[in-house]
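# Per-entry structural report
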Amino acid sequence: MAHVMIVDDSPTVLMSMESLLQRFGHTVVKASTAEEAVEKLRAGEEPKMVITDLHMPGKNGIELIGFLRQHPAHRFTPMLVLTTDSQQDRRDQAKKAGATGWLTKPVDHKQLETALQKLLPNG
Amino acid sequence: MPISLNDDCALLEGYIDITDVDILHPWLQQNPTSAVDVSDCTGAHTAVVQLLIATGATVAGAEGTEDWRQYLTSGREYYAKENA
Amino acid sequence: MNALLAQFVAESRDLIEAASKALLDLEQNAQDKEQIDQLFRAVHTIKGAAGLFEFTPLTKTVHAGEDLLDTIRAGDVPFTSDVADVLLEMLDRCVDWLDQVEAQEALNEDAAAIGDALSQRLRALIDAPGIGAIPELSDAAPEDTALPWPDDVPALPVSGAVTLVTYTPSVNAFFSGDDPLRTVQSTPGLVWSRIVSPKEWPTSDDLDPFLLHISFRLVSSASQDELDAHFAYVSDEVTYEAIVSAGDAPAEGAIDEGLRAMAEQLLVSQRSLLASDQASPAEDHCTASVAVVLQRVAQAVSIELSPELDADNPRATIDQWMAILGAALRKPEPKAVAAPPAVVEEEQADEPETIKQTASPARANSHLRVSSERIDALMNLAGELIVAKNAMPFLAQRAETMDETGELVREIKAQHNTINRISEELQSAIMQIRMVPMSTILSRFNRLVRDMSRKLGKEIQYVVEGEDTEADKAIVDELAEPIVHLIRNSIDHGLEDPVTREASDKPRVGTIQVKAYQLEESVVLEVLDDGKGIDVDGVIAKALERGLVDQDKVNNMTRTDALQLVFLPGLSTKNEVSDLSGRGVGMDAVASMVRRLGGSISIFSEKGRGTKITMKLPLSMAVQRLMMVEIGDGLYGVPIDRVVESQKIKSSSIRRHRNAEMVVLRDRLIPLVRMRNLFACPDVEDNDILSVMVVDVDGRESGLIVDKFHPGVDAIIKPMTGVLSSYQCYSGTALLGDGSILLALNLREIIECQYH
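Here goes a summary of the coordinates provided. (Residues numbered from 1 in each chain as written. Chains lettered and ligands numbered in written order. Predicted model: local features only at pLDDT ≥ 70, side-chain atom pairs only at ≥ 80, totals over all residues. Heavy atoms only, no water.)

## Regarding the sheet that holds strand β2 (residues 27-31) of chain A
Hydrogen bonds along the backbone pair up the strands of a sheet, which may run parallel or antiparallel. All names here are of chain A. Strand order in the open sheet formed by five strands is β2-β1-β3-β4-β5, with parallel pairing between adjacent strands. Bordering the open sheet on either side are β2 and β5 (101-104), each of which pairs with just one other strand. Averaged over all neighbouring strand pairs, the angle between strand axes comes to 25°, with direction disregarded. Two elements, strand β3 (residues 49-53) and strand β4 (residues 79-83), share four bridges in a ladder whose sense is parallel. What sits directly across from Val 50, in β4, is Met 79. (Pairing = 2+ DSSP bridges. Helix = DSSP H or I, 4+ residues; strand = E, 2+ residues; numbered from the N terminus. Axes fitted to C-alpha atoms, helices over the stretch in contact; angles between N-to-C directions.)

## Looking at the pattern of salt bridges
Any two side chains of opposite charge can pair, so long as their charged atoms come close to each other. The tally for this structure, following the rule as stated, stands at 38 salt bridges over all chains. Across the pair Lys105(A) and Asp8(A) runs a salt bridge, and its minimum N-O distance is 3.9 Å. Of this pair, Lys105(A) sits in the loop between β5 and α5 (109-119) while Asp8(A) sits in the loop between β1 (3-7) and α1 (11-23), and the two are 97 residues apart along the sequence. With respect to class, Lys105(A) is no different from Asp8(A); both count as buried. Between Glu645(C) and Arg668(C) there is a salt bridge, and its shortest N-O distance comes to 2.7 Å. In this pair, Glu645(C) sits in strand β15 (residues 643-650) while Arg668(C) sits in strand β18 (residues 668-674), placing the two residues 23 residues apart along the sequence. A residue is classified by how much of its surface remains accessible, and Arg668(C), at 27% relative accessible area, is partly exposed. Salt bridges here are not isolated pairs; linked through shared partners, they connect Glu27(C), Asp85(C), Arg450(C), Asp451(C) and Arg454(C). (Salt bridge = Lys/Arg side-chain N within 4 Å of Asp/Glu carboxyl O. Buried < 20%, exposed > 50% of the residue type's maximum accessible area, 1.4 Å probe, protein only.)

## Some details on the interface of chain A and chain C
The interface is formed by 48 residues belonging to chain A together with 46 residues belonging to chain C. Summing both partners gives a buried area of about 3900 Å² for chain A against chain C, and 54% of it is carried by carbon and sulfur. When residues of chain A are sorted by the area they lose upon contact with chain C, Thr12(A), Phe76(A) and Lys118(A) head the list and together hold 18% of the total. Between chain A and chain C we count zero salt bridges in total. Contributing elements (two or more residues each) for the side of chain A that touches chain C: α1, α2 (34-42), α3 (61-69), α4 (88-97), β5 and α5 of chain A. If you tally residues by element for the side of chain A that touches chain C, the top one is α4(A), at five residues. Class assignment of the residues belonging to the side of chain A that touches chain C gives a composition of 16 nonpolar, 18 polar and 14 charged. (Contact = heavy atoms within 4.5 Å. Buried area = accessible area lost by both parts, 1.4 Å probe. Nonpolar A, V, L, I, M, F, W, Y, C, P; charged D, E, K, R; others polar.)

Nothing here speaks to function; it is all geometry.
Set out below in structure tokens:
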């Protein structure tokens, strides 16, 4: 199955997303900041999808996506931002920066499954 | 490797990703009349499907299928299998 | 509690702490964008995590808080004290709820009502119109108004109305991670779809395969909601039309309201499609699809469109068609209904996300969250190791009697030294883990000062110095309570209101300062205020009145000594009880808390100038060095830092004054305590030479007459449990290397006993 990267400064969210993704049989690489995410990608991680929080200390999720899109290896990678209902403007900004879409917190099993099906081959 | 190329045929197997376009496109430019065999192709990125359509590639193995490969037939149409 | 929930509680507590701090900083400087961001992020994260659990009131409340902060961040709502009040209340409430979650894994029953009320108040502050209220799309397309089956869609085995979706992805779709065909293929209720190619393809050599040139038409039997959800990421790239096969089509006639509304909505969506900045070649098929839709709309509402579509300039024709249709579809009586969502989103003018190239160092993995119980367990083990190693000198002693060469004794002593060194290093390493900065508690009091000053109408600044000073976590945690009381006292009784202050030539704003620093093996905390100070005569009078001291004693006291009387139980300098500091928690309670921690407390005050209270505490509560003394047949321990000296005196040198016995040592008159009497052991009359251990309790020296001195030991003093805990003259027990139990003396209590 797919290898998915999750970036979020909340260990709780990382933990829950990881267990959800693993339930679908995916493997997970976690990072708690954008910087750590970039570090791990440099170190050779090749996720088929990136899911990132918007608000993090240091570089935020939108900056992370903008940054990754510059890199040939991640040009076409589906990237989702974690948002809340009230953040339509942030979703739009994220889309402008190259995000494929978003997940609405709290992310449940159903929502994640739908998104994966929509974006990943054999998702 | 999901794509095997030789002079008269390109064999697509499994899932063909967008990055594979980098291999397929030059081959199609050099072998515009050769066939692309999708009999064992389980899925493809939009970019791959678009490339086959745009270059007017001769596609083999799409006719009579009931999955996404219907797009590679002349109507570019897909009919979902009827769930009785 | 499962690990995820425990993680959530711990994380949220930290976040609330951070949020409170940011909030208080913001009150000082409402423009501090960084603090607003920090605050927002904290609340946002709590909300995100809370949503994972079934704590609806918590999630709902924090959500409201987040929305409020979002508008503040955007500059739509100013940050005021009122806003801060409600947000602080929200954080307090969250703390309560987290406690409940931790205790019972659920919220109390009243939580829903409280949460509702609080979220309403939070939302009331978001007064910018329209925020949160996404204009409802007029429920336009009732099931029964559908357009006739279009020509380009083949007959499909469906009944009733289905939805025709036209999906025109952006040319750059691939670069957003989109795979449009996958999106089409996974459409719920998909019946049919077609790839629409551009009119002309570039030659194979000119083709950029990474740009998207195709678009899609598809028919789905799913509901509009399902489709909206499915195409949510690309909602501006799809249009929907309800279509119905010829047989099911409604009779043609006057434009009924449902049809009209739907047509109007279609018109709007087509306009927005045209407005989106699509580059060619996408523009071409986008225009073409709009033209088709418009023709079909016109057909449905029986309106003639003219002129014919101009193939060279389709946009011009479309504009004309739009005008015709727009006029025809105008509502009979124009209502002031908000138009469907704004068509063109202006590029947002605000600066791009603050670009912080100086990325903060990655926080990940730099900290390990370990429960303090585990550290405590480790600490206890290290302590026991230290104690166990005390057995080795005993062993050496025994060996001496059997070992003639002395080789074994030397070996044991050498090993003792090694183990001694290692265990000490181990202990100090663990102590380092337990050390936390005082800031963990000091920053909390910002809030207390703020709330109290607002309530009392006093203006107060809270200054912290030395918040990086570290001490054992247990000490730091325990210190919070005494400091709270001291700060309350200062605000309540010490600091004057602004008017009084100005009248006495003081700055309007009073200052409460908390200073922490390390002094040798102790941590010192000072709480200072520049208030009105304490009236020493008042204290003395009150103490006399309550019979806490006698006149005789008072006469011998310096003024500073007299001031220490405030720590006596039952003395309060202010007659009325304030609801803030409250009755019962006076200075005596503070003093006893500090002493319980093995610390000391003293006060210094100057009338009119202010008050300074100094608390001195051990850096760690763990292992202490004890002097051992023998009384009767028992061994007792005295903390070595209390011991001034050990002396042998002749019984003839004891002086008697009333009932008290004293001895002069180095020109100091030291009161004596006969420990045998105290412990009700029979007197040993024939002893001419007495052993006196002089100890210092709160700066007062006393001599304890004991039977014998023993060497010092390292021991962990554990609090008394069971029946012994009621004996106040012991502070705890310690296990010795030979397995015996040592009782540690509570010197203060012993000295007090002697006097009363």
